[in-house]
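# Structural description and commentary
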Amino acid sequence: MSDPKLPPPLPARPVDGPGSPRDVPPLPGTHPIDPATLPGAIRDELEAPDPVAIDTASAELRDGINRCPKCGSTDIRHKPGTDLLVCQYCRNEWHGERVEEVFGFGEGIDTLTGTVVASGARDIAADAAALMSFKCSGCGAEVTINTENAMTARCHWCRHVFGINEQVPNGAVPDAVLPFHIKKDDAVARIRQFVDKRRLFALKAFKDQFKPENVIGVYLPYMIVDARASAAVAGEGEIETRRYTRGTDNNKKTYYDADVYHVERQVDFTVDDLPLESSAERGNLDIQANTNNIINTILPFDTKNAVRWNASYLSGFSSEKRNRNIEHLRPRLEDQLLSIARAQVEGSARRYDRGVRWEHERLDVHGTRWVSMYLPVWLYSYHQPGKNGGLLHYIAVNGRTGETMGSVPVQQWKLLLAALTVGTILEGLAIAALVTMA
Amino acid sequence: MSDENGLWLLLAGPAGATALYWALYRYYRNTDKSHAFERETTIEATPVTGTDTKVGTVKGTQATRIRGDNLRDYRARVRRVESADTGTAQDDRRDAHD
Ligand SMILES: [Zn+2]
Ligand SMILES: [Zn+2]
């Protein structure tokens, strides 16, 4: 009965049109339709509270690989909920060095010139192998780590844990890592709450198979960019000078007179820690083909707290590899800088009460600084079968702030039925009103 | 579409149904969400400067807004003008969407 292609889909929207990630996102907590006007069950769902934090320990974390600076033990873990590393042998705790201070990443944005690249953000060597081998110092066995999806591995024989801590020129090792703060149980609770608010019209198979415990912690690769730029825009704006109506009672029309201005604006600005997805797959925000915009939405992170790369933080988590270089990402950066500039000048054009049509824009990027960083994300995924391989839905939790966003597949016929029912009621009211008028 | 006999009221049903469909669809799928970098990034900007020159008037239009109003569509790109000092422009944007 749940034939997925039963109801015809509603008109498709363009990839970059309204309702896409190219659209300026709505303010948090806003709905396009006033919930008060909707039937009770739908209203309750919309008005249910948003996810809250529940702080409990995660069982995910395993042994680390560094040597304890105090006793030399290799049994080191990331202390959940903190940025600390802790020695399991002598309980020594220490904090990773914050890259912000070690490398001065927070300073001098207002004097940036040219392209400054941190070592971990250098171009990826095209022929570098993803597999790296180590000789275990514990037992002598060969241990292989696949840097496509992991940065640590455990020796099968002696349980010694390895991590890739040296920067190898294949782009696998970033400059910095931002450790998970949100623990697994907390992420599970947030995901459960997110879905509980979206059950009425959720795909039945999704609800049946829903197991938020299957969430996995993933370090995703980003480029964190500082930039100094100037931008200019030009166009036309209109100010209303007169408003009047013409016509008789039944055929009244409103007319406007307006003054037309040529408008130019310039602004110089700096941007601190703009995050850009540095894997081609994650950076593809085409909402027709994937739900990566969900992962994009849980940005930003408190990247100021990122610590110098240390694979110990990654034990027990999976990771994705960066495959985009700075030159690939530059167009996206410029696009975002232009959007920022346009947002900055908006306030200066308020007097144009009939709006402004910007026609030209110009961007001068004076300087940029690029740092490659792993950011922590809890991901729950659900594969919805369908044509072209179906669609992978994500529910994502920011591993630092707990911000949660998701894509829940809908049962189309149920949603259409509800919409048509409400539409029919409205139509009945409209007809009744017409009959009374006649 | 005539507003003569109030027949436009008959659009209430289809319009309401479509609006509700898309509102709920977006609530579940969140296709309209993305990182609001324009307001969630630390930005330091100098005061905006510019010029405003009156170039004409419009008389008796029925349009409530200027044609092509994009003041708030920050992400809608318009024609990129070559910059004088760095030479960064359109031709640099080869794989903006991959
Ligand atoms: Zn120790
Ligand atoms: Zn071993």
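Look above for the structure.
The sections below set out a description of the structure shown in this document. Since this is a predicted model, take the numbers as computed values, not measurements. (Residues numbered from 1 in each chain as written. Chains lettered and ligands numbered in written order. Predicted model: local features only at pLDDT ≥ 70, side-chain atom pairs only at ≥ 80, totals over all residues. Heavy atoms only, no water.)

### Thoughts on the pattern of salt bridges
All told, the structure shown has 31 salt bridges over all chains when counted by the stated rule. Of the charged contacts in the structure, one is a salt bridge between Arg 357 of chain A and Glu 236 of chain A, with a shortest N-O distance of 3.1 Å. Note that Arg 357 of chain A is positioned in strand E14 (residues 356-384) and Glu 236 of chain A in strand E10 (residues 216-246), a separation of 121 residues in sequence. Residue classification places Arg 357 of chain A among the buried residues on the basis of a relative accessible area of 12%. By relative accessible area, which is 24% here, Glu 236 of chain A ends up partly exposed. Note that Asp 32 of chain B is salt-bridged to Lys 33 of chain B, the shortest N-O span being 3.6 Å. You'll find Asp 32 of chain B and Lys 33 of chain B in the same group, each marked buried. Residues joined by salt bridges that share partners form a network here, namely Asp 335, Arg 342 and Glu 361 of chain A together with Arg 77 of chain B. (Salt bridge = Lys/Arg side-chain N within 4 Å of Asp/Glu carboxyl O. Helix = DSSP H or I, 4+ residues; strand = E, 2+ residues; numbered from the N terminus. Buried < 20%, exposed > 50% of the residue type's maximum accessible area, 1.4 Å probe, protein only.)

### Notes on helix H3 (residues 184-196) of chain A
Residue and element names in this part refer to chain A. Over its 13 residues, H3 runs 18 Å from end to end, which matches the ideal 18 Å to within 8%, given 1.5 Å per residue. Taken as a whole, H3 has its buried residues at Lys 184, Asp 186, Ala 187, Val 188, Ala 189, Arg 190, Ile 191, Phe 194 and Val 195. Residues of H3 that are buried sit in contact with helix H4 (204-209), E14, strand E15 (391-398) and strand E16 (404-406). (Expected span 1.5 Å × (residues − 1). Contact = heavy atoms within 4.5 Å.)

### Re the nonpolar core
Residues and elements named next belong to chain A. In this structure, Val 177, Phe 206, Tyr 219, Trp 309, Leu 314, Leu 375 and Trp 378 are the most contacted members of the largest nonpolar core, which totals 77 residues. Ignoring sequence-local partners within four residues, the contact set of Leu 375 consists of Leu 178, Val 218, Tyr 219, Leu 220, Tyr 222, Ile 224, Leu 299, Phe 301 and Thr 303. The next biggest cluster of nonpolar side chains, apart from the first, holds 33 residues, and it includes Val 263, Leu 274, Ile 326 and Leu 363. (Core = buried A, V, L, I, M, F, W, Y, C linked by side-chain atoms within 4.5 Å.)

### Considering unusual backbone geometry
Among all residues save glycine, negative phi is the norm, and among peptide bonds the norm is trans. All names here are of chain A. The linkage connecting Leu 299 with the following residue, Pro 300, adopts the cis geometry, with an omega of 5°. Within the secondary structure, Pro 300 is located in the loop between helix H6 (292-297) and strand E12 (307-308). Positive phi, normally seen in glycine, also occurs at Asp 273, with a value near 60°. Turning to its location among the elements, Asp 273 is positioned in strand E11 (residues 253-277). Despite not being glycine, Asn 388 shows a phi value in the positive range, around 55°. Here Asn 388 is to be found in the loop between E14 and E15.

### Quick word on helix H8 (residues 412-437) of chain A
A rise of 1.5 Å per residue sets the reference length of H8 of chain A, with its 26 residues, at 38 Å; its end C-alpha atoms lie 37 Å apart and thus fit the reference within 8%. Those residues of H8 of chain A that fall on the buried side of the exposure criterion are Leu 415, Leu 416, Ala 418, Ala 419, Val 422, Gly 423, Ala 430 and Leu 434 of chain A.

### A word on the packing of aromatic side chains
Tallied over the entire structure, the rule returns 17 aromatic pairs over all chains. Measuring from ring centre to ring centre gives 5.2 Å for Phe 206 of chain A and Tyr 382 of chain A, while their planes differ by 90°; the resulting arrangement is edge-to-face. With Phe 206 of chain A in helix H4 and Tyr 382 of chain A in strand E14, this residue pair connects regions lying 176 residues apart in the sequence. For the pair formed by Phe 206 of chain A and Tyr 382 of chain A, the shared burial category is buried. Relative to Tyr 25 of chain B, the ring of Tyr 21 of chain B lies with its centre 6.0 Å away and its plane at 15°, an arrangement referred to as stacked. Here Tyr 21 of chain B pairs with Tyr 25 of chain B, and both are found in helix H1 (residues 12-29), just four residues apart, close to one helical turn. Judged on exposure class, the residue Tyr 21 of chain B and its partner Tyr 25 of chain B are both buried. In textbook terms, an aromatic cluster arises when at least three aromatic residues are bridged by ring pairs, as seen for Phe 180, Tyr 219, Trp 309, Phe 317, Tyr 374 and Trp 378 of chain A. (Phe/Tyr/Trp six-rings, centres within 6.5 Å; stacked < 30°, edge-to-face > 60°.)

### Re the interface of chain B and chain A
At the interface, 87 residues of chain B touch 124 residues of chain A. Of the roughly 9400 Å² buried at the junction of chain B and chain A (both faces included), carbon and sulfur atoms supply 55%. Considering only the surface of chain B that becomes buried against chain A, Tyr 21, Tyr 27 and Tyr 28 of chain B emerge as the three largest contributors, covering 9% of it. One can count seven salt bridges joining chain B with chain A. A salt bridge links Arg 72 of chain B to Glu 346 of chain A; the shortest N-O distance between them is 3.4 Å. For the pair chain B and chain A, the number of links is 55 residue pairs in polar contact (both at pLDDT 80 or more). Elements represented by at least two residues in the side of chain B that touches chain A include exactly H1, helix H2 (37-40), strand E1 (42-45), strand E2 (49-61) and strand E3 (79-80) of chain B. Its residues placed into classes, the side of chain B that touches chain A shows 32 nonpolar, 26 polar and 29 charged. Of the pairings in the sheet, the one linking E14 of chain A to E3 of chain B comprises two bridges and is parallel in character. (Buried area = accessible area lost by both parts, 1.4 Å probe. Polar contact = N/O pair within 3.5 Å; in protein donor to acceptor, adjacent residues only side chain to side chain. Nonpolar A, V, L, I, M, F, W, Y, C, P; charged D, E, K, R; others polar. Pairing = 2+ DSSP bridges.)

### Structural notes on the side chain of Asn 293 of chain A
Within the secondary structure, Asn 293 of chain A sits in helix H6. On the accessibility criterion, Asn 293 of chain A (2% relative accessible area) is buried. Here Asn 293 of chain A is in contact with Pro 21, Leu 285 and Ile 287 of chain A together with Asn 30, Thr 31, Lys 33 and Ser 34 of chain B, once residues within four sequence places are set aside.

### Topic: the sheet that holds strand E1 (residues 76-78) of chain A
Residues and elements named next belong to chain A. Strand order in the open sheet formed by three strands is E1-E2-E3, with antiparallel pairing between adjacent strands. The two strands at the open ends of the sheet, each matched to only one other strand, are E1 and strand E3 (93-95). Sheet twist, expressed as the average angle between the axes of neighbouring strands with direction ignored, equals 30°. Here strand E2 (residues 84-87) pairs with E3 via three bridges, running antiparallel. (Axes fitted to C-alpha atoms, helices over the stretch in contact; angles between N-to-C directions.)

### Remarks on a nonpolar patch on the surface
On the surface, Ile 431 and Val 435 of chain A together with Leu 7 and Leu 10 of chain B cluster together to form a nonpolar patch covering roughly 340 Å² of accessible area. Turning to its location among the elements, Ile 431 of chain A is positioned in helix H8. A relative accessible area of 41% places Ile 431 of chain A in the partly exposed class. (Patch = residues over 30% accessible without salt bridge, like charges linked within 9 Å, V, L, I, M, F, W, Y side chains within 5 Å. Areas by Shrake-Rupley, 256 points an atom, 1.4 Å probe, with all protein chains shown as cover.)

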